[in-house]
Amino acid sequence: MKIKKIFFTVSALYLTLSLFISCGNKLPQADEFGIFHELSDGVKTAKSEKKNILLFITMGGFDAESDDFVSKILHSPEYKSSLGGKYVTVHFDFGSEAYMNSEVSHFTTDEERKAAEALNAQISRNVSLARTLNLTYTPCVFLMNEDGYAFADELYSEVFDSVESLSEMISEYEPDFVTFQEMVDETKKGTPVERMEALNVIYQIIDDKYLPTLKELFKSAPEMDKKNESGLVSYLYFVYLMEESKKFTAAGDFVSAVGVLRDAAQSDTLEGEEKQQAFYMAANLLIQAGASDFTAILGLLNNAVLASPETDLAETCRGIILQATEILSGNEDDSESSSEVK
C-alpha cells in the first residue's frame, strides 16, 4: 500500500598502491577556520571522518546578524575547538562582500579574475540548493548526516549569540542524528523490498522542506528495486523528479524542468498516476513559460490522460484539451474569415 542510511615484494606493492590511491583521492581542504564552503566538499570529509554536518547560511550586509555571527562565532577559536571538532562545518556565504569578491570586473590581474570566477561558480552552485530550501531568515543552520541529508534546521535566535549556547542547542539533536542515520542505513541493506520500505519511511517522516537535500537518495529507487518487487519505485522516484524539476523552475529554467519531467514520463520508470502527473506538470510548465507550441502541449496533456484515464486529473486534462481545441479552432475560423474579406 502506498502511503504519505608476507612477502616484501607484495608489501612494497601494497604500499605503492596505497600511496597512489591516497594521492588520487585527496580530501578537500577546509579554510583557516576549519570550514568548507561547498556541501560536496563537506560530505567527502564527513564520510571519511564519520561525522555529521552543520550547514550554516548567512547573508552579511542583508540582515542584521550575519556579519557578527560569522566573525564572533563561526570564525572564533572556541567554535573550531568545540563544534568544529565534532562536526563538519559548511558555510554558504551569500553576503554582499562575497558577491563583490565574485565580480570579475572588479579585478585586474589574471590571478584575481580566476579567483573571482571560481567564487562566482561556487556561489551559483550553493544558491542552486539554497533557493529550494524556502529560507525565511538568516543566519540559519541545517542539521545533516554525513551524506548531506538534512532532517532539521534552526533559524537565528539568542542561541546563536555564543558558541556555548549554540553547542547546547546542537547537542539536543544528538539522538535525532543517530535515529536519522539509522533510517538512512536501512535503505542500504536487506532485500529490495525492505530497502524501498525504509526509503518510504523516510519520505513519510521527514519534512518536505528537507527533500531537496535528499533527492539523490530517491533518485536511486530504480536501482534499489530493479524488478519493482515493492511496487514503490514509481512512487518514490517521482519524489526525486519533483525536486529536480523544482531546482530548475526556482532558477527560471523552465526548459530544463520540462525536459526532466517529459523524459521521465516517457521512460518505463514511471507508471500510472506518477506518469500522468509528470506529463501534466510538463504541459503546465510549458504554458507558464508562454510556449506557443500548442501541439506539444496538447500532446503532453493527451498522454497524461492515457497514463491513468480514470483519475480526477485525467478529467481536468480532458477539460483543458477541449477548451484549448475550441479556442484554436475559433482562431482558425477568424483567420479564414479575414482572408475571405480581403
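Attention here is on the structure that accompanies the text. (Residues numbered from 1 in each chain as written. Predicted model: local features only at pLDDT ≥ 70, side-chain atom pairs only at ≥ 80, totals over all residues. Heavy atoms only, no water.)

**A short note on unusual backbone geometry**
Next up, step 1: Here the bond from Thr138 into Pro139 is cis, since omega is 0°, no more than 30 degrees from zero.
Next up, step 2: Residue placement: Pro139 occurs in the loop between helix 7 (110–130) and strand 4 (140–144).
Next up, step 3: Phi at Lys50 takes a positive value of approximately 55°, unusual for a residue other than glycine.
Next up, step 4: Take Lys50: its relative accessible area is 63%, and that puts it in the exposed class.
Next up, step 5: Even without glycine at this site, Asn134 takes up a positive phi of about 55°.
Next up, step 6: Looking at the element boundaries, Asn134 is found in the loop between helix 7 and strand 4. (Helix = DSSP H or I, 4+ residues; strand = E, 2+ residues; numbered from the N terminus. Buried < 20%, exposed > 50% of the residue type's maximum accessible area, 1.4 Å probe, protein only.)

**Quick notes on the pattern of salt bridges**
Next up, step 1: What the rule picks out here adds up to 15 salt bridges.
Next up, step 2: The salt bridge partner of Glu49 is Lys51, with a shortest N-O separation of 3.2 Å.
Next up, step 3: Assessed through its relative accessible area of 38%, Glu49 is described here as partly exposed.
Next up, step 4: In this structure Lys51 comes out as partly exposed when scored by relative accessible area, which is 21%.
Next up, step 5: Measuring nitrogen to oxygen at the nearest pair gives 3.6 Å for the salt bridge that ties Glu223 to Lys226.
Next up, step 6: The exposure class assigned to Glu223 is exposed, which follows from its relative accessible area of 55%.
Next up, step 7: Salt bridges sharing partners connect three or more residues here, namely Lys47, Asp147 and Lys188. (Salt bridge = Lys/Arg side-chain N within 4 Å of Asp/Glu carboxyl O.)

**Describing the packing of helix 15 (residues 272–288) against helix 16 (residues 294–307)**
Next up, step 1: Where helix 15 meets helix 16, the closest approach of the two axes is 8 Å, and the angle between their N-to-C directions is 165°. On the basis of their axis angle, the class for helix 15 and helix 16 is roughly antiparallel. By crossing handedness, the relation of helix 15 to helix 16 is classed as left-handed. Side by side, helix 15 and helix 16 meet where Gly272, Lys275, Gln276, Phe279, Tyr280, Ala282, Ala283, Leu286 and Ile287 of the first sit next to Ile297, Leu300, Leu301, Asn303, Ala304, Val305 and Ala307 of the second.
Next up, step 2: Residue composition of the contact of helix 15 with helix 16, grouped by class: twelve nonpolar, three polar and one charged. (Axes fitted to C-alpha atoms, helices over the stretch in contact; angles between N-to-C directions. Parallel < 35°, antiparallel > 145°, perpendicular 65-115°, else oblique. Left-handed = near helix turned anticlockwise from the far one by under 90°. Contact = heavy atoms within 4.5 Å. Nonpolar A, V, L, I, M, F, W, Y, C, P; charged D, E, K, R; others polar.)

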